[in-house]
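# Inside the fold
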Amino acid sequence: MAEWLLERGIGEERALLVANDRVLAARHHLAGTPKAGALYPAKLVSRSAGSSRGTALADAGFEVLLDKLPRDCTEGSTILVELTRAPIAERGRLKRAQGRIAAADAQPSEREPMREVHAFPAGLWEELWHAASAGSIAFPGGEILCSVTPAMTVIDIDGDLRGKALALAAIPAIAQALRWFAIGGSIGIDFPTLQTKAERAEVDHALAAALDDWPHERTAMNGFGFVQIVARLEGPSLLHRFALSRTGMCARYALRVAEQASGQGATLLLRVHPALKAKLKEDWMVELSRRTGKQVRIETDPALALEAPHAQLVPL
């Protein structure tokens, strides 16, 4: 039976849907940032005459685009907003949050129940995190490459197989990436060009079966092998996180590695690439010391990759 597990990390929350020691899906939230389903007091700051749309400014300091506003909700009104989509930062712009007016006694929306754990089973988050960091998932005969653009998330397929065989072999990895990386919005899949309608129909049918329980709409494959998918977008995917701030993601990962350090000693030694040291906030380090009960020492090593921190317990 599948179960959502929640791990409250330092500076982030991580959630995995796990069944039989396999990760089926994931969610990720940065501490202190707006979250879909959460409620925020706000003030309506703009509304065009005769329109049901407007913009609110949340007390937390971010703007929310609203739809289906009641007629009596005028500029300056104090309201309670439920976010349907968190803000999404992109290179050079910000997609503002989207939401709706909530009743004064509303409670935050909860999707599925989650069981909080101290740490996920070994290796599960690591495998997913490194796949998202690379933007790729391998499959027998090839790999898929996932890229974030301002318009859509694009999934490309590369491999040694030919035509239909490569397209069919890639589908399980595509389905995995959509769930693992929490991809939403507009998604483009660039399959190999297939020569016949029958081959394209076969791939369409296999893709439909793989995504049967994943809410979305999609086009049929066109003559160039392209399929477009539209799915609910609630916030940044893991791919967006890495595209916007790889060092920030790697700094949080380093804290997770440090929190799980093994060995004996009164000092927790964390070795990271020099670029990560400035991203390790002081309050994060205080929390790391509190959680581990150890003094924390940071050393930098330019030979370490951003994605490969090392932590161990050592004598004073």
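Shown above is the structure to which this text applies.
The structure reproduced in this document is the subject of the present report. Here the residue numbering is sequential within each chain, running from 1 through the sequence in written order. Owing to the predicted nature of the model, reporting of local features is limited to residues with pLDDT of at least 70; listing and counting of side-chain atom pairs is limited to 80 or more, with chain, interface and lining totals taken over all residues. Hydrogens and waters are ignored; side-chain quantities use all the structure's heavy atoms.

### With respect to the side chain of Ser136
Within the secondary structure, Ser136 is located in strand β12 (residues 136-139). It only takes one pair of heavy atoms within 4.5 Å for two residues to be counted as in contact. Apart from the residues within four sequence positions on either side, Ser136 is in contact with Ala131, Glu143, Ile144 and Leu145. Helical segments are the DSSP runs of H or I of at least four residues, strand segments are the runs of E of at least two, and each set is numbered from the N terminus.

### Observations concerning empty space enclosed by the protein
A cavity here means a set of points on a 1 Å grid, drawn over the protein atoms and nothing else, where a 1.4 Å probe fits but cannot get out; a pocket is an open set with protein on both sides within 12 Å along at least five of seven lines, and a residue lines either one if it has an atom within 4 Å of a point. Grid points are joined across faces, edges and corners, and a volume is the space filled by probe spheres set on the points. One pass over the full model with this rule turns up two cavities of 30 Å³ or more. Considered as a void within the structure, the largest cavity measures approximately 50 Å³ in volume. Together, Glu7, Arg14, His118, Ala119, Arg256, Glu259, Gln260 and Arg291 line the largest cavity. Taken together, the residues of the lining of the largest cavity sort by class into one nonpolar, two polar and five charged. Within this model, the second largest cavity holds a volume of roughly 40 Å³. Here the term charged refers only to Asp, Glu, Lys and Arg, the term nonpolar to Ala, Val, Leu, Ile, Met, Phe, Trp, Tyr, Cys and Pro, and the term polar to all other amino acids, Gly among them.

### Re the pairing of strand β1 (residues 3-8)
DSSP calls a pair of strands paired once it identifies at least 2 bridges connecting them. As paired elements, β1 and strand β2 (residues 12-19) share six bridges and run antiparallel to each other. For Glu3, the partnering residue across the bridge sits in β2 and is Val18. The hairpin turn running from β1 into β2, its antiparallel successor, is three residues long, and Gly11 in that turn takes a positive phi close to 85 degrees. Here β1 pairs with strand β11 (residues 114-116) via three bridges, running parallel. Bridge assignment links Trp4 to a residue of β11, and that residue is Met114.

### Some points on unusual backbone geometry
Residues other than glycine seldom take positive phi values, yet Asn20 does so here, at roughly 55 degrees. Along the polypeptide, Asn20 turns up in the loop between β2 and β3 (22-30). Even without being glycine, Ala182 reaches a positive phi, approximately 55 degrees.

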